[in-house]
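Close look at the chain arrangement
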Amino acid sequence: SSKSSNPVTVVSNFTSDWSDGSVLCSILRHNGSEKTGMSRVATMSAEEKIKTGLTVAEKEFDVPRLLDVSDFKKPIDERNVLVYVSELYIQINAQKADQAQKSFEKMRNEANTQIGDLEAQIKSLKEKVSISNKELEDKNAKLKDL
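Because the structure is predicted, anything quoted here is derived from the model rather than measured. (Residues numbered from 1 in each chain as written. Predicted model: local features only at pLDDT ≥ 70, side-chain atom pairs only at ≥ 80, totals over all residues. Heavy atoms only, no water.)

Quick look at the overall build of the chain
Each helix and strand counted, the chain has 4 helices and 0 strands in total. When the helices and strands of the chain are listed from N to C terminus, the series reads α-α-α-α. The C-alpha extent of the chain, read off along each of the three principal axes, is 105 × 30 × 25 Å. Looking at the chain as a whole, 24% of its 146 residues qualify as buried. Look at the contacts in the chain between residues 6 or more apart in sequence, and 54% of them connect residues 24 or more apart. Here the chain displays about 10300 Å² of accessible surface, and carbon together with sulfur accounts for 54% of that area. (Helix = DSSP H or I, 4+ residues; strand = E, 2+ residues; numbered from the N terminus. Buried < 20%, exposed > 50% of the residue type's maximum accessible area, 1.4 Å probe, protein only. Contact = heavy atoms within 4.5 Å. Areas by Shrake-Rupley, 256 points an atom, 1.4 Å probe, with all protein chains shown as cover.)

Encoded structure:
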């Protein structure tokens, strides 16, 4: 499923909107997790969604398990959730930066390979031109001798 096909989950109340796990799963889904797709979480209970979200965040995004399911039950401690969401944000962005760095390195390596190939072709062409010039000079010398 593509990111554009994922519906947007709106957070209107920072404390209560986190209690059923939908927001957590939506954030993870938006950032590439297949395990929190709409069809997978639609039939889950709130507790299952939270457990799934915490597990996916830990395994796929390296987010330390700072909270457990009970931390999402009402009343939610806003500070705890905020710390967790901040860590999730940091880890997701670190992962994106790492992916961008790897992509850049791959493109740079491909470009360097192409440059090397072009340099080899240029050298070969220069050698051919040099041989052709030598042949022309030899023919001109022979013509002058006639």
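What about the pattern of salt bridges?
Across all of its chains, the model carries 6 salt bridges by this definition. The salt bridge involving Arg 65 is made with Glu 58; its shortest N-O contact spans 3.4 Å. The class of Arg 65 is partly exposed, set by a relative accessible area of 38%. In this structure, the salt-bridge partner of Lys 102 is Asp 98, at a minimum N-O distance of 3.3 Å. With Lys 102 and Asp 98 both in helix H4 (residues 78–145) and 4 residues apart, this pair spans about one turn of that helix. (Salt bridge = Lys/Arg side-chain N within 4 Å of Asp/Glu carboxyl O.)

As for helix H3 (residues 46–61)
Given a rise of 1.5 Å per residue, 16 residues ought to cover 22 Å, and the 21 Å separating the end C-alpha atoms of H3 matches this to within 8%. Restricting attention to buried positions, one finds in H3 the residues Lys 49, Ile 50, Thr 52, Gly 53, Leu 54, Val 56, Ala 57 and Phe 61. Asp 62 lies just past H3 and shows a positive phi near 55°. (Expected span 1.5 Å × (residues − 1).)

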